[in-house]
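# Examination of the molecular architecture
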Amino acid sequence: MISFRLNGKPQDVDVPGDTPVLWVLRDTVGLTGTKFGCGIAVCGACTVHVDGRQRRACVTPVSSIAGRELTTIEAIGDDKVGRAVQDAWVRHDVVQCGYCQSGQVMAAVALLKANKRPTDADIDRAMSANLCRCGTYARIHAAVKDAAKAIA
Amino acid sequence: MASRTRTSSSGLRRCIAMSAMALPIAAVAAGGAGTFQPTQVSVTPDRSAGLQAFAQIERVLLHPRCVNCHVPEAPLQGDFKRMHYPPVQRGVDGKGVAPLNCATCHSTQNSPLAHAPPGLDTNGQPGWHMPPAKMKMSWFGLSGPALCKVVREPKTNGGRTLAMLQEHMATDHLVAWGWQPGPSRELPPLTKAAFDEPVSMGIRNGAPCDTREPLRTSAGRTRAAANEDFLTNLRVVAESTTVVSGAPNGSQP
């Protein structure tokens, strides 16, 4: 049994320790907001936060998050920064197909928690680790800037 | 999706099983954790033998498995020393700058799949890192006597004595990773055991370097020279891109 906190609540899962967090979330716990994209930590669709730092859930063994705080897209709107990012996403109508967007939002929140006043270059650098096949990058960039203003 | 779930999960389990089988081999090569015995410097060192030993060591140090992170600033990646994707930074502790830390993508184990960022387990947590900002240990762009000096001298090698340097090369688990880099990554030109031997031989013979060589505390002759070396490398990579991208087993991070 592996225990951790999931979105602020205690969570126990009875799975092998090397099971990727992504599969634990989607198959064991039933939280499907975190997406499978590339499966090799390159696209960012599976981004979650572990103790506030972003991690690629597809390559993160669940044993490595024992005793830690795991936050997913389902709860990211529970705090000020997450809510500001979600609001900006809606204002800028960022989403096209939407598949990558939970990862994009998680990455944007991680950026704004680390850097409340990111420059354009900071945004480009941080968000470049999350791929969007619809090419919504310009709207993502604008929404991150807008969210930064909202929490300033 | 369900099929991929099972495939990926079982693949990771296979990877762990393979790592577990490889561990005893690594332990033997390293002399066993906790049993490391540094080589004593001979009272009659053979300078020529020491220099020859470094020539062998250098072949490994300049291999992408090592030099990709022993760089002036941001890390490189892959067998062709390409710029790292995403554009991460070193950070004070060598573990990146939030929100893009090494641990964001580098987990606790190598993926069994090609092109995935490699992993490293440090006490159950992601341990991937490069040298810290206060001691970059950059040897990108250096070779021969200049590299020898930078690696040997505590001022530029992380404050290590010869014994500490040998212990690092023989037992550090990130160094050992270079010989277990996961799929689609080229191995260094020597085996781990064949690397440990010239390290020991070099130290036995006083780890000599060309005494005429000045100690370079930045990579290259100057920072500007290091930057120029870096740009030159990028140009070489860019010119070879069509060939590289066509390679069937070209690796990523």
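Position numbers for residues count from 1 along each chain, tracking the sequence in the order it is written. Labels are handed out in written order, letters beginning with A for the chains and numbers beginning with 1 for the ligands. It should be noted that, the model being predicted, local features are given only for residues of pLDDT at least 70 and side-chain atom pairs only at 80 or more, the latter also being counted only at that level, while totals for whole chains, interfaces and linings use all residues. Note that water and hydrogens are dropped before the side-chain values are worked out from all heavy atoms of the structure.

Glancing now at the overall build of chain A. A run of DSSP states H or I qualifies as a helix once it reaches four residues; a run of E qualifies as a strand once it reaches two. Both are numbered from the N-terminal end. In terms of helices and strands, chain A carries five helices and five strands. When the helices and strands of chain A are listed from N to C terminus, the series reads β-β-α-β-β-β-α-α-α-α. By principal-axis analysis of the C-alpha atoms, chain A measures approximately 45 × 30 × 25 Å. The cut-offs for exposure are 20% and 50% of the maximum accessible area for each residue type, with area from a 1.4 Å probe on protein chains only; residues under the lower value are buried, those over the upper are exposed, and the others partly exposed. Counting over 152 residues, chain A shows a buried share of 54%. By definition, residues are in contact when any of their heavy atoms lie within 4.5 Å. Nonlocal contacts in chain A, meaning residues at least 24 apart in sequence, comprise 59% of its contacts between residues at least 6 apart. For chain A, the accessible area works out to roughly 6,300 Å², and carbon and sulfur atoms hold 50% of it. For the accessible areas, the method is Shrake-Rupley and the probe is 1.4 Å, while residue cover comes only from the protein chains on display.

On to the interface of chain A and chain B. Note: interface size is frequently given as the accessible area lost on complex formation between the parts. With 31 residues of chain A in contact, the opposing surface of chain B contributes 32 residues. Around 2,600 Å² of area is buried between chain A and chain B when both sides are counted, 59% of it from carbon and sulfur atoms. By definition, the buried area sums, over both parts, the 1.4 Å-probe accessible area that each loses when the two are put together. On the chain A side of the contact with chain B, Asp-18, Ile-40 and Arg-125 of chain A bury the most area, a combined 22% of that side's loss. Counted as salt bridges are all cases of a side-chain nitrogen of Lys or Arg within 4 Å of a carboxyl oxygen of Asp or Glu. There are zero salt bridges connecting chain A and chain B. The term polar contact refers here to a pair of N or O atoms within 3.5 Å; inside protein, the definition further demands a hydrogen-donor-capable atom paired with an acceptor-capable atom, and it admits residues adjacent in sequence only when both atoms are side-chain atoms. Inspection of the chain A/chain B interface yields nine residue pairs in polar contact (both at pLDDT 80 or more). Counting only elements with at least two residues in the side of chain A that touches chain B, the list comes to helix H1 (21-29), strand E4 (53-56), helix H3 (101-114) and helix H4 (120-127) of chain A. Element by element, the count of residues in the side of chain A that touches chain B is highest for E4 of chain A, at four residues. Charged residues are taken to be Asp, Glu, Lys and Arg, nonpolar residues to be Ala, Val, Leu, Ile, Met, Phe, Trp, Tyr, Cys and Pro, and polar residues to be all remaining types, Gly included. Classifying every residue of the side of chain A that touches chain B gives 16 nonpolar, seven polar and eight charged.

All names here are of chain A. Note: two strands are recorded as paired if DSSP finds a minimum of 2 bridges between them. Strand order in the open sheet formed by five strands is E2-E1-E5-E3-E4, with mixed pairing between adjacent strands. In this open sheet, the two edge strands, each paired with only one partner strand, are strand E2 (9-13) and E4. Ignoring which end each strand starts from, the neighbouring axes of this sheet average 40° apart. Looking at chain direction, strand E3 (residues 47-50) and E4 are connected through four bridges and run antiparallel. Bridging across to E4, Val-48 finds its partner in Arg-55. Across the sheet, H1 is in contact with strand E1 (2-6), E2, E3 and strand E5 (69-71); its angle to E2 comes to roughly 90°. Every axis in this analysis is a line fitted to C-alpha atoms, fitted for helices over the stretch in contact. Angles between the N-to-C directions lie between 0 and 180 degrees. H3 contacts E3, E4 and E5 of the sheet and is inclined by roughly 40° relative to E3.

It is worth spelling out the state of the cysteines at this point. All names here are of chain B. For this text, the term disulfide refers to a pair of cysteine sulfurs within 2.5 Å. Overall, the coordinates contain one disulfide over all chains when judged by the stated rule. Between the sulfur atoms of Cys-148 and its disulfide mate Cys-209 the distance is 2.0 Å. Since a negative S-S torsion denotes a left-handed disulfide, the Cys-148-Cys-209 link at about -80° is left-handed. With Cys-148 in helix H5 (residues 144-152) and Cys-209 in the loop between helix H8 (192-204) and helix H9 (223-239), this residue pair connects regions lying 61 residues apart in the sequence. You'll find Cys-148 and Cys-209 in the same group, each marked buried.

Residues and elements named next belong to chain A. Domain delimitation follows an automatic or database domain assignment. Per the domain assignment, the segments making up chain A are domain 1 (2-75) and domain 2 (77-151). For domain 1 versus domain 2, the separation of C-alpha centres amounts to 20 Å. Domain 1 puts 18 residues into the contact, and the matching count from domain 2 is 14 residues. For the pair domain 1 and domain 2, the summed buried surface comes to about 1,300 Å²; carbon and sulfur atoms form 54% of the total.

The next point concerns the pattern of salt bridges. Residues and elements named next belong to chain A. Taken as a whole and assessed by the stated rule, the structure comprises 10 salt bridges over all chains. As a salt-bridge pair, Asp-51 and Arg-68 come within 2.8 Å of each other at their nearest N and O atoms. Of this pair, Asp-51 sits in the loop between E3 and E4 while Arg-68 sits in the loop between E4 and E5; the two residues are 17 residues apart in sequence, bridging distant segments of the chain.

Here the focus is the packing of aromatic side chains. Residues and elements named next belong to chain A. Here a pair means two rings of Phe, Tyr or Trp (six-membered ring of Trp) with centres within 6.5 Å. Their orientation is stacked below 30 degrees between planes, edge-to-face above 60, and tilted elsewhere. Evaluation of the coordinates by the stated rule reveals three aromatic pairs over all chains. Here the aromatic rings of Trp-23 and Phe-36 are separated by 5.3 Å at their centres, their planes lie at 20°, and the arrangement is stacked. Of this pair, Trp-23 sits in helix H1 while Phe-36 sits in the loop between H1 and E3; the two residues are 13 residues apart in sequence, bridging distant segments of the chain. Relative accessible area serves as the criterion here: at 7%, Phe-36 is assigned to the buried category.

Attention shifts here to the pairing of E3 of chain A. All names here are of chain A. Burial of the side chains of E3 extends over both faces: Thr-47 and His-49 are buried on one face and Val-48 and Val-50 on the other. The hairpin formed by E3 and E4 contains two residues between the paired strands, and Asp-51 there has a positive phi angle of roughly 50°. The sheet contact formed by E3 and E5 spans two bridges and is antiparallel. Across the sheet, residue Val-50 finds its bridge partner in E5, namely Leu-70.

What follows is about the nonpolar core. Definition used in this section: a nonpolar core is a set of buried Ala, Val, Leu, Ile, Met, Phe, Trp, Tyr and Cys residues joined via side-chain atoms within 4.5 Å. In this structure, Leu-61, Trp-139, Leu-147, Val-151, Met-169 and Phe-195 of chain B are the most contacted members of the largest nonpolar core, which totals 29 residues. Breaking this core down by element, the ones donating at least two residues are helix H2 (47-61), helix H3 (64-67), H5, helix H6 (162-171) and H8 of chain B. Tallying contributions element by element places H5 of chain B first for this core, with five residues. Contacts of Phe-195 of chain B, omitting those with residues within four sequence positions, involve Ile-57, Val-60, Leu-61, Met-169, Trp-179 and Leu-190 of chain B. With 24 residues, the next largest nonpolar core counts Leu-111, Ile-140, Ala-147 and Ala-148 of chain A among its residues.

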